[in-house]
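# A look at the structure
If you want the building blocks of each chain, they are given just below.
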Amino acid sequence: MHEDTPHYPFRRTTTEPIASASARASLQETMGFERLLSDLSAAFIAVPIQEIDQAIELGLARIVAALGIDRSTLNRVFPLTGRAEVTHSFAVEGVEPVPKRLGPARDSNPWALAKATANEPIVFSCLDDLPPEASIDKENWRSIGLKSHVMMPIVVAGQLHGSLNFGCVRSERTWPADLVARMRLLAEIFGSALARKRAQEELDLAVGVERLASSILASLVLSRHGEKNRAIALGLRQIGEFVGAERVALWHTRTGIPFGVTQEWHADGFAGPAAEGKTVELPWIYALLGSGSVVRISHLADLPPEARADADTLRRIGVRSLLAVPIAVEGSSAGALTLASIEREHEWPDVLTPGVSLLAEVFANLHAREAAERRKLAAEVEAAHWRERLAHLVRVHTAGEMSAALAHEITQPLGAIENYALAARRRAAEAVPDMGHLLDLIDKVIGQATRAGDVVTRMRGMVQRHELEPKLIDLERAVNECVGMVKMDCELREMHIGLASEDSPVAVVVDEIHLQQVILNLLRNAMEAIEGAPPGGAREIIVALRLNGREEVLVEVADRGAGIAEGDLERIFESFYSTKSNGLGVGLAICRKLIEAHGGKLWASHRDGGGAIFSFTLPMATSVD
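Residues numbered from 1 in each chain as written. Predicted model: local features only at pLDDT ≥ 70, side-chain atom pairs only at ≥ 80, totals over all residues. Heavy atoms only, no water.

## Notes on unusual backbone geometry
Note the cut-off: Numbering goes from the N terminus for both helices and strands, where a helix is a DSSP run of H or I of at least four residues and a strand is a run of E of at least two. Whether a residue is buried, partly exposed or exposed follows from its accessible area with a 1.4 Å probe, protein chains only, as a fraction of its type maximum: under 20%, in between, or over 50%, in that order.
We note that Asn-119 has phi near 60°; this positive angle belongs to a residue other than glycine. As for its position among the elements, Asn-119 is in the loop between α4 (110–117) and β4 (122–124). Overall, Asn-119 belongs to the partly exposed group, its relative accessible area being 34%.

## A closer look at the pairing of strand β16 (residues 552–559)
The line we're drawing: When DSSP finds two or more bridges between two strands, those strands count as paired.
For β16, the buried fraction is high: seven of the eight residues fall into the buried class. The pairing of β16 with strand β18 (residues 612–619) spans eight bridges and is antiparallel. Counted as the bridge partner of Val-555 is Phe-616 from β18.

## Here's the deal with α4
Looking only at α4, the buried set comprises Trp-111, Ala-112, Leu-113 and Ala-116. Trailing α4 by a residue or two, Asn-119 shows a phi angle of about 60°, which is positive.

## Things to note about the nonpolar core
Where a protein is soluble and globular, its nonpolar side chains tend to be buried together. Let me state the cut-off plainly: Note on terminology: a nonpolar core comprises buried Ala, Val, Leu, Ile, Met, Phe, Trp, Tyr and Cys residues joined through side-chain atoms within 4.5 Å. The criterion used for residue contact is that any of the two residues' heavy atoms lie within 4.5 Å.
Formed by 49 residues in total, the largest nonpolar core has its most connected members in Phe-166 and Phe-190. When contributions to this core are tallied by element, the ones reaching two or more residues are α1 (20–46), α2 (52–67), β1 (71–77), α4, β4, β5 (148–156), β6 (159–168) and α6 (177–222). Once residues within four sequence positions are removed from consideration, Phe-166 is found in contact with Ile-63, Leu-67, Ile-69, Arg-71, Ser-72, Ser-148, His-149, Val-150, Met-152, Trp-175, Met-183 and Leu-186. Counting residues in hydrophobic clusters, the runner-up holds 44 residues, among them Ile-473, Val-506, Val-518 and Leu-545.

## Focus: the environment of Ile-144
Among the structural elements, Ile-144 can be located in the loop between α5 (135–143) and β5. Between the C-alpha atom of Ile-144 and that of Val-98, which follows or precedes it by 46 residues, the distance is 6.9 Å. Among residues more than four places away in sequence, those in contact with Ile-144 are Arg-71, Pro-99 and Val-169.

## Here we look at the pattern of salt bridges
The line we're drawing: Any Lys or Arg side-chain nitrogen located within 4 Å of an Asp or Glu carboxyl oxygen qualifies as a salt bridge.
Taken as a whole and assessed by the stated rule, the structure comprises 16 salt bridges. One salt bridge in this structure joins Asp-53 and Lys-197, with 3.8 Å as the shortest N-O distance. Of the two residues, Asp-53 is situated in helix α2 and Lys-197 in helix α6; the sequence distance between them amounts to 144 residues. Take Lys-197: its relative accessible area is 18%, and that puts it in the buried class.

## Overview of the packing of aromatic side chains
For the record, the criterion: Only the six-membered ring of Trp is used, alongside the rings of Phe and Tyr, when aromatic pairs are assigned; centres must lie within 6.5 Å, and planes under 30 degrees apart are stacked while those over 60 apart are edge-to-face, with the rest tilted. Criterion for a charge above a ring: Arg CZ or Lys NZ at most 6 Å from the ring centre, at most 35 degrees from the ring normal.
Scanning all chains against the criterion turns up three aromatic pairs. Taken together, a centroid distance of 5.3 Å and an interplanar angle of 40° make the contact between Phe-124 and Trp-141 tilted. Here Trp-141 lies in helix α5 and Phe-124 lies in strand β4, a separation of 17 residues in the sequence. Take Phe-124: its relative accessible area is 2%, and that puts it in the buried class. Here the guanidinium or amino end of Arg-173 rests over the ring plane of Trp-175, the centre of that ring lying 4.2 Å away. A cation sits over an aromatic face here: Arg-592 above Phe-573, 4.0 Å from the ring centre.

## What about the environment of Leu-74?
Structurally, Leu-74 is set in strand β1. Judged by relative accessible area, which is 0%, Leu-74 ranks as buried. Sequence-wise, Leu-74 and Thr-87 are 13 residues apart; in three dimensions their C-alpha atoms are separated by 5.8 Å. Once residues within four sequence positions are removed from consideration, Leu-74 is found in contact with Ile-56, Leu-60, Glu-85, Val-86, Thr-87, His-88, Ile-154, Ser-163, Leu-164, Phe-190 and Leu-194.

## Some points on the packing of helix α14 (residues 475–492) against helix α15 (residues 512–531)
As a reminder, the rule being used: Only the contacting stretch of a helix is used when fitting its axis, a line to C-alpha atoms as for every element, and angles between N-to-C directions run 0 to 180 degrees. To sort the angles, those under 35 degrees are grouped as roughly parallel, those over 145 as roughly antiparallel, those from 65 to 115 as roughly perpendicular, and the leftovers as oblique. Crossing handedness: left-handed means the near helix sits turned counterclockwise from the far one by under a right angle, and right-handed means the same turn made clockwise.
Relative to each other, α14 and α15 sit at 40°, their axes nearing to 10 Å. On the basis of the axis angle, α14 is oblique to α15. In this structure, the crossing between α14 and α15 has a hand that is right-handed. Along the contact surface, α14 presents Leu-475, Arg-477, Ala-478, Val-479, Glu-481, Cys-482, Val-483, Met-485, Val-486, Asp-489 and Cys-490, while α15 presents Glu-512, Leu-515, Gln-516, Ile-519, Leu-520, Leu-523, Arg-524 and Met-527.

Below, the structure is given as structure tokens:
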């Protein structure tokens, strides 16, 4: 495209009058671009998470066509290291795409990174327009063929997360101010879509780490005498492969050695220099771990001056990024779990840290259990302690299985918030804003935010660790809340779930979190049983609540699933016995112990016509608070 043949909206000359036909064409182009903004905004709100990548690619193609440019890319910048990568790109035929990995932006584009971090766009019609301080950036852009370029930063909560880029490589062009203003709106729309996708990725990462912790804990609990080291080695390998670290080590504090390696896993070709039982000189890191602090190093150059010895040691042993989580037993430092990246700098996102801390806690629990066994003290208390921890991990596992429905429930209000906020912004930009309409839009934003918060609060209460807290509750209300928590997941699976109960309130004295854990576990089992049943059957779950005599209440969860083999009606309640290939085999065992701890019973039976019924009883109380 040549400079004397305009092929984009908003281009005007300043020396000649604009003919009426040209004005009409410009108006049509403006309206077309406004329609593009509206279409993309609506499309990204409605598109499912799994289709966002495709929607972004299509959106970039529409932008290139609408603006008459050569290519458009969506970049992601990792805040901790400054590393940049192309997440999505579209180029016209004959134009080379931008390389996927761009490396650290602080090295290749330092001037642009500083401008973007300040939320300032970069606009140039030709490379010679760039200031002298952009010399490094200029050569980098020249190397990828850029002649004219606009970079719109994507900033969330004051932090740079990426940029939307518009480039010309075949010829130079100008960028009118009104066009640049609309490009910023485009960047906000794409940034919101990218944020939705990233939120889902972070949720998947958090749930994945918690599932991994459940699996490792089960392996350690099941390991026989003499097999502990092999179980730990397997756990370290699983951690490294999951997070993408080349070395994972377990360290313990010992007399005369602040932190010595007791066991290490490394990927092929990435053996560490520290032999088992030896230590390396990392005084600054050891001091932080000893105080109970997590050490997260993404870029060695960012270490403070007092960590110079640590930085030199890490460089010498080939570590480019490090995540170290302390292991504490009974309030005292017992060691650390470290993840090291050798091939490239690693971000160690915020959402990963709690999961790795949970993994460190798994090893801490193992250490504590061994100490308790050696002392042979408080055996029953220790068993209850481990049972509650395992029950907590089962709750986390159950919540992880519900992550798709949870993400769906949260995505809807977030999409509505975005839509109402964009509408409010447009109203506010009017010459005489309609304040009544603006307030109404703001009220809707608040309402949707409250709705999303309620979903998160409900799930947080499910997975939080807590001590046993029996209290008087309305059983029907508690059961109904559990049905509501899986209702969306049932709808996604095209299943019907219903509740049948007595007319009068039924009061019981229980720990509500444990009760919810039992009910949700039974509901999830019913859903999986229906998924595993031959097609054509009734896809329904019926939850029934009724009096069982004068002093007990009976709760039943009935499905039309694959059913239970005759010899398995009791075996399914045994610890670590599972009929599922990927099951932990502890869910039903924990459920039975929780119900029995409240004075009730839990059992399974066949359902007439196919399927299964899980039933439990609880003693009744006299009234409801």
